[in-house]
Amino acid sequence: MAGSSSRAMMLAATLALAIATPATADVARPQDAQTLLTHFKCYICHADRETKAGPAFVDVAATFRRTPNAVSVIAREIRRGLRRGGPWHMPPHPEVSQAQARTIARYIMSLQR
Ligand code: HEC
């Protein structure tokens with residue numbers, strides 16, 4: 001009795017998950033990007049809404065709001081790093097794949113103040 005109802009719950013959960021998962025890999029879910037940002041230790045120097053050693057991602061999004069190919073530019077900077085002469089620089093991250101960098105860049109651009 002209890003067994004069959006928990007099986008039904010499992011099935012419902014699995015179905016819900018299948019529906020919630022986007023069909024195309026290009027549709028980045030915020031939690032995917034945050035997993036990458038944690039995995040690649042970006043959050044040591046960055047936060048979504050706070051300036052640390054690096055700029056807050058929400059400020060990066062504001063800066064790039066009018067840049068037509070913002071996602072490509074940001075993805076390239078993530079992989080190559082950035083040194084604009086401040087006290088800190090952004091180290092290159094060649095270990096981040098192009099697709100992962102774009103997922104992160106899309107997430108950054110989705111942030112609103
Ligand atoms: C060691 C500290 C550090 C780490 C780790 C780090 N960053 Fe940065 N990041 C910086 C600093 C400092 C800047 C600003 C560099 C400058 O303006 O010269 C920056 C800038 C940026 C920018 C803004 C680029 C722009 O044009 O304004 C983005 C986006 C960014 N980082 C993303 C990331 C991501 C994604 C990761 C993880 C893969 C990461 N950072 C890891 C320090 C870091």
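Everything numeric in this text was worked out from a predicted model, so none of it was measured. (Residues numbered from 1 in each chain as written. Predicted model: local features only at pLDDT ≥ 70, side-chain atom pairs only at ≥ 80, totals over all residues.)

### Considering the overall build of the protein chain
(1) Moving on: Counting secondary structure elements, the protein chain contains five helices and zero strands.
(2) Moving on: Per-residue burial over the protein chain gives 17% buried out of 113 residues. (Helix = DSSP H or I, 4+ residues; strand = E, 2+ residues; numbered from the N terminus. Buried ≥ 20, exposed ≤ 12 C-beta atoms within 10 Å, placed from the backbone.)

### Some thoughts on the site of the ligand
(1) Moving on: In the vicinity of the ligand, 26 residues are found, and the nearest of them are Cys 42, Cys 45, Gly 54, Arg 84 and Met 90.
(2) Moving on: Breaking the shell around the ligand down by element, the ones donating at least two residues are α3 (57–64), α4 (70–80) and α5 (98–110).
(3) Moving on: Examining the composition of the shell around the ligand, we find that three residues originate from one element, α4, more than from any other.
(4) Moving on: When its residues are assigned to classes, the shell around the ligand shows 16 nonpolar, six polar and four charged. (Near = placed C-beta within 6 Å. Nonpolar A, V, L, I, M, F, W, Y, C, P; charged D, E, K, R; others polar.)

### Let's talk about unusual backbone geometry
(1) Moving on: You will see that Lys 41, though not glycine, has its phi angle at about 60 degrees, which is positive.
(2) Moving on: Within the element layout of this structure, Lys 41 appears in the loop between α2 (30–39) and α3.

### Describing α3
(1) Moving on: Regarding α3, the residues found buried are Phe 57, Val 60 and Ala 61. Seen along its axis, α3 keeps its buried residues to an arc of 100 degrees; they face one direction.
(2) Moving on: Buried residues along α3 sit against α5. (Arc of directions from axis to C-beta. Contact = placed C-beta atoms within 7 Å.)

### Considerations on the nonpolar core
(1) Moving on: Counting residues in hydrophobic clusters, the biggest one holds 15 residues, and the most contacted among them are Ile 74, Ala 75, Ile 78, Ala 101, Ile 104, Ala 105 and Ile 108.
(2) Moving on: When contributions to this core are tallied by element, the ones reaching two or more residues are α2, α3, α4 and α5.
(3) Moving on: Broken down by element, this core gets its largest block of residues, five residues, from α5.
(4) Moving on: Among residues more than four places away in sequence, those in contact with Ala 75 are Gln 98, Ala 101, Arg 102 and Ala 105. (Core = buried A, V, L, I, M, F, W, Y, C linked by C-beta atoms within 7 Å.)

### A closer look at the environment of Pro 94
(1) Moving on: Structurally, the position occupied by Pro 94 is in the loop between α4 and α5.
(2) Moving on: Classification of Pro 94 by C-beta neighbours within 10 Å gives exposed; the count is 8.
(3) Moving on: Here the alpha-carbon distance between Pro 94 and Arg 79, two residues 15 residues apart in the chain, equals 5.1 Å.

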